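Geometric and topological summary
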Amino acid sequence: MTGSTPQQDLDQPHDLVGVGIGPFNLSLAALAHGVPGGLAATFYEQKPAFQWHPGLLIEGATLQVPFLADLVTLADPANPWTFLNYLKSRERLFPFYFAEKFHIQRAEYDAYCRWASERLPGLHFGHQVDSVRWNPERRLFEVDFTQVDPDGGAEALGRAYTRNVVLGVGTEPYVPEPLKPLADAPGVPVFHSADYLAHRETLLAAGHVTVIGSGQSGAEVFLDLLRSRPAGAERIHWLARTEAFAPMEYSKLGLEHFTPDYTRYFHALPEPVRGDLVPRQWQLHKGIDADTIAAIHDELYRRTLHGGWPDAVLTPGVRVRTAGRVATTQVELHLEHLQQGTRSRLTTDAVVLATGYRERPVDRMLAGLDPYLRHDSAGRARVDERYRLVLDPSVTGSVFVQNAEKHTHGVGAPDLGLAAWRSATILNAVSGKEPYPLPRRTAFTSFGLETREAPSIPAQDRKLTPLTQNV
C-alpha cells in the first residue's frame, strides 16, 4: 500500500505499529491479519515497495532454508499467506510439486513476499519513521513519520499512537574500515555485494576482479563471475579472513541450533558466555552451502579439461590491512596472511566486498526512549525472552525487536526459519492471549543439564563416609 496514511490510523491508537517492512515484519503482518477478534496493526516502510536483497538475486541462487520457512507456515500452516497458497494463486502448484524443490530460488522467495506485501492491509510504503517516544500522559507510544516520494523527498508529516512497537528495520551492508574511503568515493569500482547485480556489467568488463569474503554471498558472486569470464583469462582473486572456504554446518542435529529450544537455552546463559559463544559459531550461519562449494569446484575443474589451470586465485586466512588507488583506474590492496605473518600487495581493477551485514543503528530513532532503556555491560539493549526491549517499569507498552537480538537470542536471530515462530511469540504477548499456540519442544538435543535443587540434609545426618579403611 502506498500513498497517504488513512486518517483513522492517526486518530485511534493502534495495538501495534511495525517499523520497517522486510521479511520479518511482513511475517508479523501476515500473522497479525489472522488474529481472532482482530488486531489494530499498521506498518511503515520508507522504500516505495517491498525489496529483499535485490542486488543478490543472482540467477539460480537458492535460499539456504526450505520453503517451509515462509512468512507463516511454521506457526500456522493453514494460514492464507503460505508459500504454497501463493503458488496456488499463480496456478503453479502442480509444476512446483513435480519440480521437487525443497530449497526455492531467492528470486521466487522475493516474488512471494512481494505478492503478500501488495495484498496485506495496513502496510504503508513510502513512510519513513523518524522517532519513537513514550507519552506518559496518554500511556502510549508516539511514532512520528515522514511520507516520502519515490526519490526520498518529504511530502507530509504524520504521527501515530500505539500501545506497542515492533522494530524490524533490518541490517545494512558492512564495509571494513580499510576499504570504507574507497567504497564511499564516487567512481571507484569498489562495491558491496548487496549491490552486485547493479554493477555486474562493470565487473564483467573489468580486467581483474577481487572478491573479499568467505560467506555464501562471496561464494555466489565468485561463482557467477567465474562462469561469465572466458576460460584461461578469468583473472579473479577470492580472498577471505577465515582459515578456509568452509561449508556451512547443515547436519540435521547441527540445524537444531535454529530451533526455539536452542534460542531459549541461549537466552538463559550468562551474558559473558553468550558474548563468547556467538563468534565461535560462525560456521552455523557464515559458511558456504555445500552445493555452492561443489559448483565452484566443478567449474574450476571443467576449465582444466584442455590443459592448464584457470586464472583464479582462492586464498583464505588473509586480511586487508590498507587499501588505496593506483593512478585513477586501479585499486591496490595491502594484504597480510594471518598464519604466515607475511605481507604482500595486490593490484586489481574492481573489488566486490562480500563482507556481510550489521544491525542497522536505531539510536537516533529511539533517542526519545533513551531514559527508559536498560542496557547490558557492553552498552547493548537488553532484550527479554519474548523479544521485548527491557524498559523502565513506568512504561506500560512494549517495544519488540526483530533481527536485532543476536547478542541475547543467538545465531537464529537473522534466520528465516525462526521468523514465523518469533512473530507468533510477539503476537501472543501483544494480545495477552494465545492466538498461535507454540510447541513446548522443538529439538531432539537437550542443550543444557537439567538443574534440580539438591534436597536439604539435616546437620546431624551429614556424615562423611571414608573411601578406604585402614585395617
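Residues numbered from 1 in each chain as written. Predicted model: local features only at pLDDT ≥ 70, side-chain atom pairs only at ≥ 80, totals over all residues. Heavy atoms only, no water.

A few points about the overall build of the protein
The helix and strand tally for the protein stands at 14 helices and 18 strands. For 471 residues, the compact-globule formula gives about 23 Å, and the C-alpha radius of gyration of the protein, at 25 Å, lands near that figure. Over its C-alpha atoms, taken along the principal directions, the protein stretches across nearly 95 × 75 × 50 Å. Put simply, the protein has 471 residues, and 48% of those count as buried. Partitioning the intrachain contacts of the protein with sequence separation of at least 6 by distance along the chain shows that 70% fall at a separation of at least 24. Between the mean site of the 47 positive side-chain charges and the mean site of the 54 negative ones, the protein shows a separation of 3 Å. (Helix = DSSP H or I, 4+ residues; strand = E, 2+ residues; numbered from the N terminus. Rg over C-alpha atoms; globule rule 2.2 N^0.38 Å. Buried < 20%, exposed > 50% of the residue type's maximum accessible area, 1.4 Å probe, protein only. Contact = heavy atoms within 4.5 Å. Lys, Arg positive; Asp, Glu negative; His and termini not counted. Charge placed at Lys NZ, Arg CZ, Asp CG, Glu CD.)

Notes on the packing of aromatic side chains
In this structure the tally under the stated criterion is 24 aromatic pairs. Relative to F266, the ring of Y262 lies with its centre 6.1 Å away and its plane at 45 degrees, an arrangement referred to as tilted. One end of the pair, Y262, and the other, F266, are both in helix α9 (residues 260–268), four residues apart, so they sit about a helical turn from each other. For Y262, a relative accessible area of 3% gives the class buried. On the basis of relative accessible area, F266 is assigned to the buried category, the value being 0%. The rings of W52, F67, W81, F83, Y86, F96, F102, Y109, Y112 and W115 are connected pair by pair, giving a single aromatic cluster. The residue whose ring lies beneath R138 is Y161, and the NZ or CZ to ring-centre distance is 4.0 Å. The aromatic ring of Y174 is capped on one face by R358, whose charged end is 3.9 Å from the ring centroid. (Phe/Tyr/Trp six-rings, centres within 6.5 Å; stacked < 30°, edge-to-face > 60°. Lys NZ or Arg CZ within 6 Å of the ring centre and 35° of its normal.)

Concerning the pairing of strand β5 (residues 140–148)
When a strand is regular, its side chains alternate between the sheet's two faces. Of all nine residues in β5, nine are buried; the element is thus mostly enclosed. Burial along β5 is two-sided: L140, E142, D144, T146 and V148 facing one way and F141, V143, F145 and Q147 facing the other are all buried. Bridging between strand β4 (residues 127–135) and β5 involves eight bridges; their strand directions are antiparallel. Residue pairing in the sheet places W134 in a bridge with F141 of β5. (Pairing = 2+ DSSP bridges.)

Side note on the packing of helix α8 (residues 216–228) against helix α12 (residues 290–302)
In a pair of packed helices, the angle between the axes and the distance between the axes together describe the arrangement. The geometry of α8 relative to α12 is characterised by a closest axis approach of 10 Å and an angle of 25 degrees between their N-to-C directions. When the axis of α8 is compared with that of α12, the two are roughly parallel. The way α8 lies across α12 gives a crossing that is left-handed. Contacts from Q216, A219, E220, F222, L223, L226 and R227 of α8 reach α12 at T292, A295, I296, E299 and L300. Among the residues forming the contact of α8 with α12, the class breakdown is seven nonpolar, two polar and three charged. (Axes fitted to C-alpha atoms, helices over the stretch in contact; angles between N-to-C directions. Parallel < 35°, antiparallel > 145°, perpendicular 65-115°, else oblique. Left-handed = near helix turned anticlockwise from the far one by under 90°. Nonpolar A, V, L, I, M, F, W, Y, C, P; charged D, E, K, R; others polar.)

Brief notes about the side chain of S131
Inspection of the secondary structure assignment puts S131 in strand β4. According to the relative accessible area criterion, S131 is buried, its value standing at 16%. Within the structure, the side chain of S131 is placed 3.0 Å from the side chain of R133, a separation counted as a polar contact. In contact with S131, other than residues within four places in its own chain, are E142, V143, D144 and M365. (Polar contact = N/O pair within 3.5 Å; in protein donor to acceptor, adjacent residues only side chain to side chain.)

Structural notes on the sheet that holds strand β9 (residues 190–192)
Spatial strand order, β9-β16-β10-β11-β12: five strands in an open sheet with parallel pairing. Two strands lie at the open edges of the sheet, namely β9 and β12 (312–315), each paired on one side alone. Averaged over all pairs of adjacent strands, the angle between strand axes in this sheet comes to 15 degrees, irrespective of strand direction. With three bridges connecting them, β9 and strand β16 (residues 350–353) associate as parallel partners.

Quick word on the nonpolar core
Formed by 51 residues in total, the largest nonpolar core has its most connected members in L26, Y109 and L427. Contributing elements (two or more residues each) for this core: α2 (23–32), α3 (83–89), α5 (106–117), β3 (123–125) and α14 (419–431). No other element matches the eight residues that α14 contributes to this core. Y109 has contacts with P23, W52, L63, A69, L71, I104 and L416, leaving out every residue within four places of it along the chain. Among the nonpolar cores identified, the runner-up in size contains 26 residues, and I58, F191, V209 and L225 belong to it. (Core = buried A, V, L, I, M, F, W, Y, C linked by side-chain atoms within 4.5 Å.)

What to know about the pattern of salt bridges
Scanning all chains against the criterion turns up 22 salt bridges. Each of R133, E142, D144 and R159 takes part in salt bridges that share partners, so that together they form one network. (Salt bridge = Lys/Arg side-chain N within 4 Å of Asp/Glu carboxyl O.)

Section: the sheet that holds strand β6 (residues 154–162)
The three strands lie next to each other as β4-β5-β6, forming an open sheet whose pairing is antiparallel. Every interior strand has two partners, whereas the edge strands, β4 and β6, have only one. Here the average twist between neighbouring strands, direction ignored, is 20 degrees.

Remarks on α14
Taking 1.5 Å as the rise per residue, α14 with 13 residues should run 18 Å; its terminal C-alpha atoms sit 18 Å apart, in good agreement. The buried fraction of α14 is high, at twelve of 13 residues. All buried positions along α14 are accounted for by A419, A420, W421, R422, S423, A424, T425, I426, L427, N428, A429 and V430. On its buried side, α14 packs onto β1 (16–19), α2, β7 (164–167), α9 and β18 (398–401). (Expected span 1.5 Å × (residues − 1).)

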